[in-house]
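A structural walkthrough
Here's the letter readout for the chains.
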Amino acid sequence: MEIRNAVEQLRAGSGAAKIFDEPYETSDGTTIITVSRLHWRLRGNPIPVPVGVFSIRDGKALWVPATDHSRIALLGEVIGLAAAVIATAAVLRRPPWPDLSIPTC
C-alpha cells in the first residue's frame with residue numbers, strides 16, 4: 001500500500017472532506033474559489049462550514065482563511081462572565097470597605 005493511498009483512506013474516514021466550489025472570475029480578472037468542509041451534526045445530516053477562499057490573480061494564488069467572529073465574541077463573553085463571578089465571590093467573602101462594628105468591652 002502506498003502512502004498516498006493510506007492518507008486518502010484516513011482523510012475519507014475522518015469526515016474532513018473539503019468542498020471546492022466552482023471558480024468565479026471577477027471583472028478585474030481575479031479568479032475566486034471558495035473552500036468549505038462538511039460538519040456532521042448529531043442527527044447525521046452534514047452542513048458545509050466555510051474554511052476560506054483561494055484568490056488567483058496574475059498566476060499567483062493567495063489563501064484567505066475564513067474567521068468565525070461569533071465564536072470569538074462568545075469566548076469574550078464567557079471570559080467576562082467568569083471574571084464577574086470571581087470578582088463577586090471575592091467581594092462577598094470579604095468586602096473591600098472597612099468593618100464599622102463597635103467592639104464591646
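Everything below is about the structure printed above this text.
All residue numbers refer to positions counted from 1 along the written sequence of the respective chain. Per-residue local features of the predicted model are confined to residues with pLDDT of at least 70, and side-chain atom pairs are confined, for both listing and counting, to 80 or more; whole-chain, interface and lining totals are unaffected and use all residues. Working from all heavy atoms in the structure, the side-chain values ignore hydrogens and water.

A few words on the overall build of the protein chain. Put simply, DSSP H or I for four residues or longer makes a helix, DSSP E for two residues or longer makes a strand, and each gets a number counted from the N terminus. Each helix and strand in the protein chain was counted, giving two helices and five strands. What you see in the protein chain, going N to C, is helices and strands ordered as α-β-β-β-β-β-α. Burial here depends on accessible area, computed with a 1.4 Å probe over protein chains only, as a share of the maximum for the residue type. Under 20% is buried, over 50% is exposed, and the range in between is partly exposed. Counting across all 105 residues of the protein chain, residues that qualify as buried make up 6%. A separation threshold of at least 6 residues defines the contact pool for the protein chain, and within that pool the share at least 24 residues apart is 13%. In the form shown here, the protein chain has an accessible surface area of approximately 9,500 Å², with 63% of it arising from carbon and sulfur atoms. Here a residue-residue contact requires only that any non-hydrogen atoms of the pair lie within 4.5 Å. Each accessible area is a Shrake-Rupley estimate made with a 1.4 Å probe; only the visible protein chains count as cover when residues are assessed.

Turning our attention to the packing of aromatic side chains. Here is the rule: rings of Phe, Tyr and Trp (six-membered ring for Trp) pair when centre to centre is within 6.5 Å. Planes less than 30 degrees apart are stacked, more than 60 are edge-to-face, and the remainder are tilted. Summed over the entire model, instances satisfying the criterion amount to one aromatic pair. Ring plane angle 55° and centroid distance 4.7 Å describe the contact between Phe54 and Trp63, whose orientation is recorded as tilted.

Moving on: the pattern of salt bridges. Close approach of charged atoms allows side chains of opposite charge to pair. A pair is scored as a salt bridge if a Lys or Arg side-chain nitrogen falls within 4 Å of a carboxyl oxygen belonging to Asp or Glu. Counting across every chain of the model gives one salt bridge. For Arg57, the salt bridge goes to Asp28, with nearest N and O atoms at 3.4 Å. One end of the pair, Arg57, is in strand E4 (residues 46–57); the other, Asp28, is in the loop between strand E2 (24–25) and strand E3 (31–40), with 29 residues separating them in the sequence. The partly exposed category is assigned to Arg57, whose relative accessible area is 42%.

Located in the positive-phi region is Asp58, a residue other than glycine, with phi close to 55°. Mapped onto the elements of the fold, Asp58 is located in the loop between E4 and strand E5 (60–65).

On the surface, a nonpolar cluster with roughly 360 Å² of combined accessible area is contributed by Phe20, Phe54, Ile56 and Trp63. Inspection of the secondary structure assignment puts Phe20 in strand E1 (residues 18–20). You can call Phe20 exposed: its relative accessible area is 53%. Two distance rules govern patches: like charges are joined within 9 Å, and nonpolar side chains (Val, Leu, Ile, Met, Phe, Trp, Tyr) within 5 Å, applied only to residues with over 30% relative accessible area and no salt bridge.

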